Amino acid sequence: GETRFYISLEDDLMRLFGGDRVTGMMERMNIDEDTPIENKMLSRAIEQLPAELYERYTVVQSAPFFLEFMHKHSNKGTGVAALAEHLGLTAGQVICVGDAGNDHHMIEYAGLGVAMGNATDEIKALAQHTTARNDEDGVAQVIEQFVLNV
């Protein structure tokens, strides 16, 4: 069956950018997961996002059909950094593995950032190492190589 994904923004965005402007963007972001032409619609909608949005929020595309809006100082990187600090670890002692835009900050933070074989080109370029795809046990390979030294 058809799966539909909708992007919804908080009320403060409506007030900040104006209802009609945000509503128009949201309508353009109504896309189907498996339709390549629809995926291009999300790319076009992202290009039309106002610069002020990026000043207030971290905006990442985590899949061809999914766009995330997060608090500017809340992302996987800040979460991993907080956990590392709590455990008494430095960034150099941390390995992070990811495949999409929402993994950017943690890959950047980690002493060893690893891209999955199925990762986006952006994540592969950012990472220090690339492993196998997620459906080929890529994370297990990273653990064996870098943690267990197998």
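A quick note: this is a predicted structure, and the numbers were derived from the prediction, not measured.

1. A word on the confidence of the model for the chain
Next, step 1: Residues with a pLDDT of 70 or more make up 72% of the chain, whose mean pLDDT is 79.
Next, step 2: The low-confidence segment residues 1–10, where pLDDT is below 50, has 23 contacts with residues more than four positions distant or belonging to other chains.
Next, step 3: When the criterion is pLDDT under 50, residues 26–35 qualifies, and its contacts beyond four places in sequence or with other chains add up to 34 contacts.

2. A short note on the nonpolar core
Next, step 1: Counting residues in each nonpolar core, the largest one holds 7 residues, listed as Leu-42, Ile-46, Leu-49, Leu-53, Tyr-57, Val-59 and Leu-67.
Next, step 2: Elements represented by at least two residues in this core include exactly α3 (36–47) and β3 (57–63).
Next, step 3: With residues up to four places along the chain from it excluded, the contact list for Val-59 reads Leu-49, Leu-53, Tyr-54, Leu-67, Glu-68 and Phe-69.

3. Some remarks on the side chain of Thr-58
Next, step 1: Mapped onto the elements, Thr-58 comes out in strand β3.
Next, step 2: Thr-58 sits in the buried class, given a relative accessible area of 7%.
Next, step 3: In this structure Thr-58 touches Glu-68, Phe-69, Met-70, His-71, Lys-72 and His-105, once residues within four positions along its chain are discounted.

4. As for unusual backbone geometry
Next, step 1: Its identity is not glycine, yet Asp-137 carries a phi of approximately 65 degrees, on the positive side.
Next, step 2: In this fold, Asp-137 is placed in the loop between β7 (129–130) and α8 (138–147).
Next, step 3: Its identity as a non-glycine residue notwithstanding, Asn-149 has a phi of 55 degrees, on the positive side.
Next, step 4: Position of Asn-149 among the secondary structure elements: in the segment after α8.
Next, step 5: The exposed category is assigned to Asn-149, whose relative accessible area is 61%.

5. Section: helix α5 (residues 76–87)
Next, step 1: For α5, which comprises 12 residues, the first-to-last C-alpha distance of 16 Å matches the rise-based estimate of 16 Å (1.5 Å per residue) to within 8%.
Next, step 2: Taken together, the buried positions of α5 are occupied by Gly-77, Val-80 and Ala-84. Projected down its long axis, α5 shows its buried positions confined to an angular sector of 65 degrees, all on one face. Facing away from the buried surface of α5 by more than 90 degrees, the exposed residues are Leu-83, Glu-85 and His-86.
Next, step 3: Buried residues along α5 sit in contact with β5 (95–98) and α6 (104–109).
Next, step 4: Near the N-terminus of α5, the side chain that reaches the backbone nitrogen of Gly-77, with its oxygen 2.8 Å away, is that of Asn-75.
Next, step 5: Remark: Gly-88 follows α5 within two positions and exhibits a positive phi of approximately 75 degrees.

Here is what the cut-offs are and how they apply
- Residues numbered from 1 in each chain as written.
- Predicted model: local features only at pLDDT ≥ 70, side-chain atom pairs only at ≥ 80, totals over all residues.
- Heavy atoms only, no water.
- pLDDT = per-residue confidence, 0-100.
- Contact = heavy atoms within 4.5 Å.
- Core = buried A, V, L, I, M, F, W, Y, C linked by side-chain atoms within 4.5 Å.
- Buried < 20%, exposed > 50% of the residue type's maximum accessible area, 1.4 Å probe, protein only.
- Helix = DSSP H or I, 4+ residues; strand = E, 2+ residues; numbered from the N terminus.
- Expected span 1.5 Å × (residues − 1).
- Arc of directions from axis to C-beta.
- Polar contact = N/O pair within 3.5 Å; in protein donor to acceptor, adjacent residues only side chain to side chain.

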